[in-house]
Amino acid sequence: MKAVVWHALGDIRLDDVPEPTIKDPYDAIVRITTSAICGTDLHFVRGTMPGMQEGRILGHEAVGVVEEVGPEVRNLRPGDRVVVPSTVACGTCSYCRAGYYAQCDNANPGGPRAGTVFFGGPEAAGGLDGLQAEYARIP
Ligand SMILES: [Zn+2]
Ligand SMILES: [Zn+2]
């Protein structure tokens, strides 16, 4: 598939990359129909937010259509049209249940104090590929 890939400061390219696959029972694969460019993407391009790794797909926000869901996903089905916000959350911790998804205790593999997880960012933000792509894995 085609995706916008970060290579180095000031060097992003439209590359051919492998399509994402389900890695966790709570994942969905979404076919992106529209994605956005936001100010955080620009931090990575110009180097005002550190820690990006070559090969990371950029992009925080998108809309699309669910293509496939993991076996534990109960609230989405293939064919559903979805909005994908920038932050990733578990949906079940106390912060998520209170609506504070960016404060999720479980989304970041670095632990509850590791900070917000978002698409298309550095390893410290979860190391997830972003949404400026034809398909994305959505935890
Ligand atoms: Zn954003
Ligand atoms: Zn949570």
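Look above for the structure.
Residues numbered from 1 in each chain as written. Chains lettered and ligands numbered in written order. Predicted model: local features only at pLDDT ≥ 70, side-chain atom pairs only at ≥ 80, totals over all residues. Heavy atoms only, no water.

Asks: Mind showing me how you'd approach the coordination of the zinc ion (ligand 1) here?
Replies: By definition of the ideal shapes, a tetrahedral metal site with four donors has angles of 109.5 degrees and an octahedral site with six donors has angles of 90 or 180 degrees. Around the zinc ion (ligand 1), the protein supplies Cys-38 (SG), His-60 (ND1) and Glu-61 (OE) as donor atoms, at distances of 2.0 to 2.5 Å. Considered as a linear motif, the donors of the zinc ion (ligand 1) on their single chain read C-x21-H-E. Judged by relative accessible area, His-60 falls into the buried class, the value being 2%. (Donors = N, O, S within 2.8 Å, 3.2 Å for Na, K, Ca; no water. Buried < 20%, exposed > 50% of the residue type's maximum accessible area, 1.4 Å probe, protein only.)

Asks: Explanation requested: the coordination of the zinc ion (ligand 2) in the structure shown.
Replies: Here the zinc ion (ligand 2) is held by Cys-90 (SG), Cys-93 (SG), Cys-96 (SG) and Cys-104 (SG), and the distances to it run 2.3 to 2.4 Å. Here the zinc ion (ligand 2) binds four donor atoms, and the angle range of 104 to 117° at the metal identifies the geometry as tetrahedral. In terms of primary sequence, the donors binding the zinc ion (ligand 2) are separated according to C-x2-C-x2-C-x7-C. (Tetrahedral: all angles 85-135°; square planar, octahedral: opposite > 155°, others 65-115°.)

Asks: Just checking my understanding: could you explain the side chain of Asn-108 for this structure?
Replies: Mapped onto the secondary structure, Asn-108 falls in the loop between helix H2 (94-97) and strand S7 (117-118). A distance of 2.8 Å separates the side chain of Asn-108 from the backbone nitrogen of Gly-110, its partner in a polar contact. Not counting the four nearest positions on each side in its chain, Asn-108 is found in contact with Ala-114, Gly-115, Thr-116, Val-117, Ala-124, Ala-125 and Gly-126. (Helix = DSSP H or I, 4+ residues; strand = E, 2+ residues; numbered from the N terminus. Polar contact = N/O pair within 3.5 Å; in protein donor to acceptor, adjacent residues only side chain to side chain. Contact = heavy atoms within 4.5 Å.)

Asks: When you look at the pairing of strand S1 (residues 2-8) in this model, what are you seeing that I'm missing?
Replies: Each regular strand displays side chains that alternate between the two surfaces of the sheet. In terms of residue burial, S1 counts as a mostly covered element, since five of its seven residues are buried. Here S1 pairs with strand S2 (residues 11-16) via six bridges, running antiparallel. Bridging from a neighbouring strand, Trp-6 pairs with Ile-12 of S2. Connecting the antiparallel pair S1 and S2 is a turn made up of two residues, with Gly-10 showing a positive phi of about 75°. (Pairing = 2+ DSSP bridges.)

Asks: I'm lost on the pairing of strand S3 (residues 28-35) in this one. Help?
Replies: Relative to strand S4 (residues 62-69), S3 is paired through seven bridges, and the arrangement is antiparallel. Of the residues in S4, the one forming a bridge with Ala-28 is Val-69. Strand direction decides the pairing type here: S3 and strand S8 (residues 135-138), joined by four bridges, are antiparallel. By the bridge assignment, Val-30 is partnered in S8 with Ala-136.

Asks: Quick question: what am I supposed to make of the layout of surface pockets here?
Replies: If a probe the size of a water molecule is rolled over the atoms, the empty space left behind becomes visible. If you add up the space inside the largest pocket, you get close to 1,100 Å³. Tyr-26, Ala-89, Cys-90, Ile-138 and Pro-139 are the residues nearest the centre of the largest pocket, which is lined by 32 residues in total. Elements represented by at least two residues in the lining of the largest pocket include exactly S3, strand S5 (81-84), strand S6 (87-88) and S8. Element by element, the count of residues in the lining of the largest pocket is highest for S5, at three residues. Classifying every residue of the lining of the largest pocket by side-chain character gives 21 nonpolar, six polar and five charged. Roughly 240 Å³ of volume is contained in the second largest pocket. Lining the second largest pocket are 14 residues, with Pro-20, Thr-21, Lys-23, Asp-129 and Arg-137 sitting closest to its centre. (1 Å grid on protein atoms, 1.4 Å probe; cavity = no way out; pocket = protein on both sides within 12 Å on 5 of 7 lines; lining within 4 Å. Points joined across faces, edges and corners; volume = space filled by probe spheres on them. Nonpolar A, V, L, I, M, F, W, Y, C, P; charged D, E, K, R; others polar.)

Asks: Looking at this model, I keep getting lost on empty space enclosed by the protein. Mind explaining?
Replies: Under the counting rule described, the total for this entry stands at one cavity of 30 Å³ or more. In this structure, the largest cavity occupies an estimated 30 Å³ of space. Lining the largest cavity are Val-88, Tyr-101, Ala-102, Gln-103, Cys-104, Ala-107, Asn-108, Gly-115, Thr-116 and Val-117.

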